[in-house]
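One letter stands for each residue in the lines below.
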Amino acid sequence: MVTLYQALQLILQILWFIMIVHIIMSWLINFQVLNLRQPLVAQIWDGLNRLLEPIYRPIRNLLPNTGGLDLAPLVVFVIIIILRSALANNAGFFYGA
């Protein structure tokens with residue numbers, strides 16, 4: 001069960017990191033520091049979008065339309081924080097205590 005606990009924590013940490021990279025990259029693209037016409041940048045951006053869109057889409061469907069402001073990543077961050085806290089608070093279950 002310890003392995004399951006560690007695997008869940010690792011998955012949440014990796015998702016957190018991927019979301020941070022996606023958000024920072026979106027800022028750099030919007031401020032024209034990065035250019036999507038560069039093949040490597042376009043491939044990374046497309047890959048990140050393909051990874052995160054299935055997570056963001058259901059949340060975007062629930063949230064009201066806010067124009068250019070996308071609140072889906074913020075909601076996912078809150079969900080990740082809640083899940084990590086719930087895992088930490090129930091660590092005894094995984095460690096058999």
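Just so it is clear, the model here is predicted, and its values are computed rather than measured.

## Focus: the nonpolar core
Part 1 of the argument: Core analysis: the largest hydrophobic core is formed by 15 residues, its most contacted members being M19, Y56, V76 and I80.
Part 2 of the argument: Looking at this core, the elements that each hand over two or more residues are α1 (2–30), α2 (39–62), α3 (72–89) and α4 (91–95).
Part 3 of the argument: Residues contacting I80, with those up to four places away along its chain left out, are L12, L15, W16 and M19.

## Let's talk about the packing of aromatic side chains
Two numbers describe a pair of aromatic rings. These are the distance of the centres and the angle of the planes.
Part 1 of the argument: Within the structure shown, the criterion is met by 4 aromatic pairs.
Part 2 of the argument: Residues Y5 and F94 carry aromatic rings whose centres are separated by 5.3 Å and whose planes lie at 40° to one another, so their mutual orientation is tilted. Linking Y5 in helix α1 with F94 in helix α4, this pair joins segments that are 89 residues apart in sequence.
Part 3 of the argument: Accessibility expressed as a relative area gives 12% for Y5, which makes it buried.
Part 4 of the argument: By relative accessible area, which is 10% here, F94 ends up buried.
Part 5 of the argument: Taken together, Y5, F93, F94 and Y95 form an aromatic cluster joined through their ring pairs.
Part 6 of the argument: Over the aromatic face of W16 sits the side chain of R84, whose NZ or CZ is 5.9 Å from the ring centroid.

## A few points about the side chain of Q9
Part 1 of the argument: Tracing the backbone shows Q9 in helix α1.
Part 2 of the argument: For Q9, a relative accessible area of 13% translates into the label buried.
Part 3 of the argument: Not counting chain neighbours up to four residues away, the residues in contact with Q9 comprise R84, L87 and A88.

## Quick word on the environment of N89
Part 1 of the argument: Tracing the chain through its elements places N89 in helix α3.
Part 2 of the argument: With 45 residues separating them along the chain, N89 and I44 place their C-alpha atoms 35 Å apart.

Conventions adopted
- Residues numbered from 1 in each chain as written.
- Predicted model: local features only at pLDDT ≥ 70, side-chain atom pairs only at ≥ 80, totals over all residues.
- Heavy atoms only, no water.
- Core = buried A, V, L, I, M, F, W, Y, C linked by side-chain atoms within 4.5 Å.
- Buried < 20%, exposed > 50% of the residue type's maximum accessible area, 1.4 Å probe, protein only.
- Helix = DSSP H or I, 4+ residues; strand = E, 2+ residues; numbered from the N terminus.
- Contact = heavy atoms within 4.5 Å.
- Phe/Tyr/Trp six-rings, centres within 6.5 Å; stacked < 30°, edge-to-face > 60°.
- Lys NZ or Arg CZ within 6 Å of the ring centre and 35° of its normal.

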